[in-house]
Structure formats: C-alpha cells, structure tokens
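Analysis of the macromolecular model
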There are 2 protein chains.
Amino acid sequence: MPAQTAAREVERLGLPPGSPLVPAEHAGRRVMAKFFRAIGDPTRLLLLEFLLDGERTVSECIEQVGLSQSRVSSHLACLADCGFVTARRDGRFTRYQVTDPRVVHLISLARALTADNAAALAACVRIDT
Amino acid sequence: MPAQTAAREVERLGLPPGSPLVPAEHAGRRVMAKFFRAIGDPTRLLLLEFLLDGERTVSECIEQVGLSQSRVSSHLACLADCGFVTARRDGRFTRYQVTDPRVVHLISLARALTADNAAALAACVRIDT
DNA sequence: ACCATACATCCGGATATGCGGATATAACTA
DNA sequence: TAGTTATATCCGCATATCCGGATGTATGGT
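Presented here is a report on the structure given in the accompanying data block. What you see is a predicted model, and the numbers here were worked out from it, not measured in a lab.

1. Observations concerning the protein's contact with DNA strand C
- Near DNA strand C, the surroundings consist of 24 residues, among which Ser59 and Asp128 of chain A together with Arg37, Arg44 and His75 of chain B are the closest.
- Counting only atoms of DNA strand C within 4 Å of the protein, the sugar-phosphate share comes to 69%.
- Contact between DNA strand C and threonine 94 of chain A: a sugar or linking oxygen at 3.2 Å from a side-chain N or O atom of the residue.
- If you list the elements that add at least two residues to the surface near DNA strand C, you get helix H4 (58–65), helix H5 (69–81) and strand E3 (93–97) of chain A together with helix H3 (42–50) and helix H5 (69–81) of chain B.

2. Looking at the relation of the copies chain A and chain B
- With an axial shift of 0.0 Å and an RMSD of 0.0 Å, the rotation relating chain A to chain B amounts to 180°. Overall, the copies show the geometry of a two-fold rotation axis.
- Comparing contact sets, 100% of the residues at the interface of chain A also lie at the interface in chain B, consistent with an isologous, same-surface contact.

3. Some thoughts on the environment of leucine 48 of chain A
- Within the secondary structure, leucine 48 of chain A sits in helix H3 (residues 42–50).
- When the C-alpha positions of leucine 48 of chain A and glutamine 4 of chain A are compared, they lie 34 Å apart, and in sequence the two are 44 residues distant.

4. Focus: the protein's contact with DNA strand D
- Inspection of the region around DNA strand D gives 24 residues, with Arg37, Arg44 and His75 of chain A together with Ser59 and Asp128 of chain B positioned closest.
- For DNA strand D, the backbone makes up 68% of the atoms found within 4 Å of the protein, where backbone means sugar plus phosphate.
- At a separation of 2.7 Å, a phosphate oxygen of DNA strand D approaches a polar side-chain atom of arginine 44 of chain A.
- In this structure, serine 73 of chain B approaches DNA strand D through a side-chain N or O atom, which is 2.8 Å from a phosphate oxygen.

5. Looking at the interface of chain A and chain B
- On the side of chain B, 72 residues touch chain A, which itself brings 72 residues to the contact.
- Roughly 7,100 Å² of surface becomes buried between chain A and chain B when both sides are summed, with 70% attributable to carbon and sulfur atoms.
- Interface area lost by chain A to chain B is led by Lys34, Leu113 and Ile127 of chain A, which between them contribute 10%.
- One salt bridge in this structure joins arginine 126 of chain A and aspartate 81 of chain B, with 3.8 Å as the shortest N-O distance.
- Viewed at the interface, chain B and chain A are joined by 22 residue pairs in polar contact (both at pLDDT 80 or more).
- The set of elements that each furnish at least two residues to the side of chain A that touches chain B consists of helix H1 (5–12), helix H2 (26–38), H3, H5, helix H6 (101–115) and helix H7 (118–123) of chain A.
- Ranked by residues supplied to the side of chain A that touches chain B, first place goes to H6 of chain A with 14 residues.
- Residue composition of the side of chain A that touches chain B, grouped by class: 42 nonpolar, 13 polar and 17 charged.

Thresholds, definitions, all that
Every chain is numbered independently, its residues counted from 1 as its sequence is written. Chain letters and ligand numbers both follow the written order, the letters beginning at A and the numbers at 1. The predicted origin of the model limits local features to residues at a pLDDT of at least 70 and limits the giving and counting of side-chain atom pairs to 80 or more, whereas totals for whole chains, interfaces and linings rest on all residues. The basis for every side-chain value is the complete set of heavy atoms in the structure, and neither hydrogens nor water enter the calculation. Nearness here has a simple test: a residue counts as near a molecule or strand if at least one of its heavy atoms is within 4 Å of that partner. Between N or O atoms, a polar contact is any pair within 3.5 Å; within protein, one atom must be a potential hydrogen donor and the other a potential acceptor, and residues adjacent in sequence are included only when both atoms are from side chains. For the purposes of this entry, the term helix denotes a DSSP run of H or I that reaches at least four residues, the term strand denotes a run of E that reaches at least two, and both are numbered from the N terminus. The copies are overlaid by a least-squares fit using only the C-alpha atoms of residues whose pLDDT is at least 70 in both copies. The criterion used for residue contact is that any of the two residues' heavy atoms lie within 4.5 Å. By convention, the term buried area covers the 1.4 Å-probe accessible surface removed from two parts as they join, with the contributions of both added. Every case where a carboxyl oxygen of Asp or Glu lies within 4 Å of a side-chain nitrogen of Lys or Arg is listed as a salt bridge. Three classes are used: nonpolar for Ala, Val, Leu, Ile, Met, Phe, Trp, Tyr, Cys and Pro, charged for Asp, Glu, Lys and Arg, and polar for all others, with Gly counted as polar.

In structure tokens, the structure reads:
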C-alpha cells in the first residue's frame, strides 16, 4: 500500500492539497472530537436513523428509543447543537429532523468502514461497551 | 427543507434504498458508536493527521503529540483496532499509517460539517471539553 | 386564572475514558 | 548471555458521560 493514499484521495475529492484535514490548532481538534463523540453513542445513532425520514416530536422519539424523557430530550439537543439534526419549535412541540445530506454521507461511510472491520472493532478493549 | 433529504442522498450515493444507514440491531449500533468514539478524541485526531502522509513509528508519534509512551501506544492500538490505521511490525518497530482512502473522505466530511457549525458545537454543554 | 401537555434543565449516582508510572514482552547488539 | 531499545499492557486516579427522577418553563385549552 503506497504512502500517498491520503494525498490521492484528497486529490480525488477536489480538496485543496497540502492543507490539513484535521484542524492544526488544539481548539479546532477538540471541536471535531466533540462532533464525533456526539454520534459515538448507540442511542443517538438510533435517534439519527429515526430522524432521517422526516420530522419527529420529542415524544415520538421517546417512544422509539424507550428511555426517559429527560435523557431523550438531552440527546436530541446534543444532536442539534452538533449539527446532525435541525430543531423546529411548533407550538408546544419541538420537531427534529436530519436536513443535511452530508450527515447521510458521513454515516454511510462509517457503515462501510465498520462493516469491513467489525471483528477487530468489537474486540477493541480500549473503548469499552 | 423537504423530508426526503435523506432518501435523495441515499439515491445520489447509489446506496440500496430503504435499508437502514445505522444498524438496526443494538449490537451493531454499539459497534458503530465505538467506531466514532475512536476518533472522538483530540489526541487520536492529531495522530490520524500525522499518519496520513506515510508510515510512522510509535516513537515518532510520541514526539509529535508529547504524551507518555503508554498513552500513545494505546491510542495507536485503538486507531488500528477500529480500522483507521494499519499497523505493521518491522523488527523492534511498529509502523502505523492511514491506508484506507475512506478514512480521508470521512474526516473531510466532518471537517466541512464542523466548519459550518463551529459556534453551536463549541457551545454544546452536553459533551464537555 | 387554572390546569394539562410538551419539552428543557438540574441533580446525584454509576460507568467509561484519558492519563502517567510501573512492568512485561520482544527484538536487536555486544 | 546480558544489556539496550521499542513497544505493549497493567494499575490507580481524575474527569467525562450516561442515566432517571425532580423540577422549571412555555404553550394551549377550559
């Protein structure tokens, strides 16, 4: 496997060559890490899937995942803050939904990568659960 | 923003329509969550960037990130287990490197998404740091 | 005004994760 | 063989994250 794998993909994607993919400053990396941790939870992934097909209220989400109201509300706020879903106030309701197609793309890439490496991933003890 | 954002992107990406993006079984979601948490740490993101351009030994990585040998070794093993980098034994050395172009694609998508939402992301208190 | 509904936030407890130091293993070298 | 180097693993401590219950806030209905 050649060393230029990364450079080639950067080229293929039409990205500016030579510029870092991961932020060079510590603060920027902390933000990107936070972004990934937001979808690094099984419950939030389930909610994300549920919010792909259209708007859903918090109550509908609660029924879907079977956790407490406070927890589900917090998970949804987290997904919204981190840009995975959009929140819309509608009277007493808040309707959440995935609106950015790049979120779909991101998850589909992760799906493919995890599928190709499921065994080692499941066995990795440095991250629990 | 229409409700079919997700379906449209699935179509555009040539993915099988109707099949879930996120695994339907809890075990599968746990694995995908683990995958994202692996890159949900600033140090591992820094290492990932460092490993884009070619093979690096553990010692070189230690110098790059400035953390203890045990910690860096553990971070690298985590990235390898989760499929972000490849590890190759070479005598006394272990050489790590990003070899899968999809990793580059994934990070570039995250870069774009976080850039468009940096303020809210930084302000999200449900995930600390 | 009063109450019910829908949601958001606060709190303390349990588990997960990051950290460095100590130790173990494995490969070269003299 | 003995010693050095490179890396991996184990340990306890500190912090982060998930959880449900309690409480706060806003909207709509009577």
